[in-house]
Amino acid sequence: MATATPSLDYSRLDEIVQLIKAEISKPDIRVLNNRAVQAKVFQIPKVSNYMAELRRAEEALRQEIMKKISQLIHKFQEYSIDVTLARAGILSDSRVHAGSSLEQHDDGQQLDFDLLCLDGKERLYMVLNQYDWLKDFYRFYPQHFYENSFQFVDRIPQKKLHVKVKVVGLGIAGSLAVSGLKKNGVDTVVGYDRRARNGPRSVTSRFQNASWRAYDIAEKMLDDESFQHLVQYQQRINVTYDDGTSAVLSSDRVQIILGDAVDSALESAERYGAKLFFDCDTFGFLKNGGGEDKDAEEDVDIVGLFAGAHTSSLVPGLKEEMNMHSWKDLSSPCILWLEVKESEKKGAYTARDIENGAEKWHFTIEAARNSKRDLVRIRDNLVAQHLWNLRKYKEYGHSANEMEEEEKQHKLTMAKIERLLNELEEKKDDGLEESRYDYIFSNAPDNEHNRAKLDAAKTKGNVVLEGKYTVDIAIASKSMIDASSSEAAKNVLDQFGTAVLVTGGDACVNPNPMAAYGATLACEFAAMLVQLSVAHGHINAIIKGLEKAENVDNDLVPRLKELKSLLNQYYDTRGNAENYFQWMQTLICNLYSLPAQVDVTKL
């Protein structure tokens, strides 16, 4: 079994917090932009060494997993070498050819043992391929490269994955996960969210714009229609060379509106056949929770929890198992606003606008869009915000004049959105050049300097939505729970009716308000859930076949179960490294947003 890996220990993390507090309190650091501050911070040895240590632990476990797989493949090859050659067309065997599925017979008859071993070996190669480890595997275990010169792994016929996965929370991570699970062959995928599918305060109503680098992951998780929709707003960079020539280059970032990204992923999941439930009662997804989904009463192999920052509070005992660490004194209040206006641009366009400097910074993402759905989403948010304001005004006894002003502003803003919607429809119906609107999303620390920016934007008459939120500094030191964790962990697992529970994204660490990496991290964890689920499906199938076979080596099934446990641990170990990096970005951004925390003259 794997040795204990370094955890996200509070005392070590707090030491890093104190170091960064001092660094970002320096006057010469506070005038830099956020990216430069990050570069300075990662030069602090204890900060970067911890990151490297977590990555080394991840790599050590990966190496152990590949070693175990190599040993198992070698054992399977002892019994399946001739049918392997027949599969490749080098020998002849009436039972197998290049397109054989190697699935169990419909009449329940067991596969011959050599075919069972061939199936097991192929499934292990498919696990390696799912994790994108094949190249390294062949490098470290070159005997398998020769073995596979007879057959490319990508040409192995698709195999059934009898594995059940439940996903709770269908935001960025969850929506991508349910689509990716079905696309990659997982048999049963069920998703839950307490919000509605569409409309005000729905799972697709988030209007925030984000800079997103996970389109390489999304291509593996979404159908082509949804993927092409997401990547149309890829950033462009204008570069001027020393000889005076210039070029427009594609950036590694795409601008996404969070609600639009979620909507696209859910549409992909629905086309693939995932079973999705919305407007769920809080406990509708629990075993014996009494929800409308009767399948929730059945045990599942894996549960993915992507229910946002309050995930750890979903059920008793979960917070303790996730081992959440927080620094309440470093919470940062922020403001956001959205401007929309008719655009002079004729094609897709994205740009960023930033003011630098601690406390003074703002981060604006602008896109010239032509999507009706984005305007409908704004309209839904306006309705939700208006109803909330009316209820708040009544509760706190606001005057009739204030209520009247609220109604007036709401009608004016709604009328503007309706005009833009009508213009889109009219030009489309008349076959005229497409109409676009500028979608300009900004956020910043909530202070006098930045509230003046919001007031100036309001004066221009283009602000349609605004709000406030708080970014807390918190991190989970465990993102995977299975029966090996603790006796208390078993009680948590029993509530969900599963053997393995994983979390990720906002559930483990809050994204920073500069719209950097939060959506990307959520996508990383969605992909990690897909990898783990596919691996479980293949290993479950191998174990099921071996348990029915005769004269099987007694240690094969235990070794496969150990491999599955190691893959669970790998999710957790990689999760620590991913979460630490995001926690660092959020910590830096919060300290960059707040007044200096340390009197550097006394250091």
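Residues numbered from 1 in each chain as written. Predicted model: local features only at pLDDT ≥ 70, side-chain atom pairs only at ≥ 80, totals over all residues. Heavy atoms only, no water.

### Here's the deal with the nonpolar core
Here comes step 1: Counting residues in each nonpolar core, the largest one holds 131 residues, and the members touching the most others are Ile20, Trp212, Tyr580 and Trp583.
Here comes step 2: Contact partners of Ile20, with chain neighbours within four places excluded, come to Val41, Val47, Met584, Leu587, Ile588 and Leu591.
Here comes step 3: Residues Cys280, Val303, Met322 and Ile481 belong to the second largest nonpolar core, which totals 22 residues. (Core = buried A, V, L, I, M, F, W, Y, C linked by side-chain atoms within 4.5 Å. Buried < 20%, exposed > 50% of the residue type's maximum accessible area, 1.4 Å probe, protein only. Contact = heavy atoms within 4.5 Å.)

### Some words on the pairing of strand E11 (residues 437-445)
Here comes step 1: Along E11, nine of the nine residues are buried, which leaves the element largely enclosed by surrounding structure.
Here comes step 2: Where strand E10 (residues 362-369) lies against E11, seven bridges are found, and the strand directions are antiparallel. By the bridge assignment, Glu366 is partnered in E11 with Ile440. (Helix = DSSP H or I, 4+ residues; strand = E, 2+ residues; numbered from the N terminus. Pairing = 2+ DSSP bridges.)

### Examining the pattern of salt bridges
Here comes step 1: Tallied over the full model, the rule gives 43 salt bridges.
Here comes step 2: Note that Glu578 and Arg55 form a salt bridge whose closest N and O atoms lie 3.4 Å from each other. Of this pair, Glu578 sits in helix H18 (residues 556-593) while Arg55 sits in helix H4 (residues 45-87), and the two are 523 residues apart along the sequence.
Here comes step 3: Taking the relative accessible area as the measure of exposure, Arg55 reaches 32% and is therefore partly exposed.
Here comes step 4: Here Glu270 ties to Arg197 by a salt bridge, and the two come within 3.1 Å at their closest N and O atoms. One end of the pair, Glu270, is in helix H11 (residues 258-272); the other, Arg197, is in the loop between strand E2 (186-192) and strand E3 (209-212), and 73 residues separate them in sequence.
Here comes step 5: On the basis of relative accessible area, Glu270 is assigned to the partly exposed category, the value being 36%.
Here comes step 6: Residue classification places Arg197 among the buried positions, given a relative accessible area of 15%. (Salt bridge = Lys/Arg side-chain N within 4 Å of Asp/Glu carboxyl O.)

### Points about helix H15 (residues 448-460)
Here comes step 1: Over its 13 residues, H15 extends 19 Å from the first C-alpha to the last, a length consistent with the 18 Å expected when each residue adds 1.5 Å.
Here comes step 2: Along H15, the positions that sit buried rather than exposed are Asn450, Lys453, Leu454 and Ala457. Within H15, the buried residues cover an arc of 95° as seen down the axis, which keeps them to one side. Residues Glu448 and Thr459 are exposed on H15 and point more than 90 degrees away from its buried face.
Here comes step 3: Where the residues of H15 are buried, they touch strand E8 (324-342), strand E9 (349-355), E10, E11 and strand E12 (463-476).
Here comes step 4: The residue sitting at the N-terminus of H15 and contributing the capping side-chain oxygen is Asn447; that oxygen lies 3.3 Å from the backbone nitrogen of His449.
Here comes step 5: A positive phi of about 85° marks Gly461, the residue just after H15. (Expected span 1.5 Å × (residues − 1). Arc of directions from axis to C-beta. Polar contact = N/O pair within 3.5 Å; in protein donor to acceptor, adjacent residues only side chain to side chain.)

### Some details on helix H13 (residues 372-395)
Here comes step 1: Taking 1.5 Å as the rise per residue, H13 with 24 residues should run 34 Å; its terminal C-alpha atoms sit 35 Å apart, in good agreement.
Here comes step 2: For H13, the set of buried residues is Asp374, Leu375, Arg377, Ile378, Asp380, Asn381, Leu382, Ala384, His386, Asn389, Leu390 and Tyr393.
Here comes step 3: For H13, the N-terminal cap is Ser371; the gap from its side-chain oxygen to the backbone nitrogen of Arg373 is 3.2 Å.
Here comes step 4: One or two positions beyond H13, positive phi appears at Gly397, with a value near 65°.

### Notes on the sheet that holds E11
Here comes step 1: Here we have five strands laid out as an open sheet, ordered E9-E10-E11-E8-E12, and antiparallel in their pairing. The sheet is open, and its two borders are formed by E9 and E12, each paired with just one other strand. The average undirected angle you get between the axes of adjacent strands in this sheet is 20°.
Here comes step 2: By the bridge criterion, nine bridges tie E8 to E11 in an arrangement that is antiparallel. (Axes fitted to C-alpha atoms, helices over the stretch in contact; angles between N-to-C directions.)

### Remarks on unusual backbone geometry
Here comes step 1: Not every positive phi belongs to a glycine, and Asp132 is a case in point at roughly 60°.
Here comes step 2: On the basis of relative accessibility, which here comes to 60%, the residue Asp132 falls in the exposed class.
Here comes step 3: Of note, the phi angle at Glu359 is positive, near 70°, even though the residue is not glycine.
Here comes step 4: With respect to the element layout, Glu359 can be found in the loop between E9 and E10.
Here comes step 5: The exposure class assigned to Glu359 is partly exposed, which follows from its relative accessible area of 27%.

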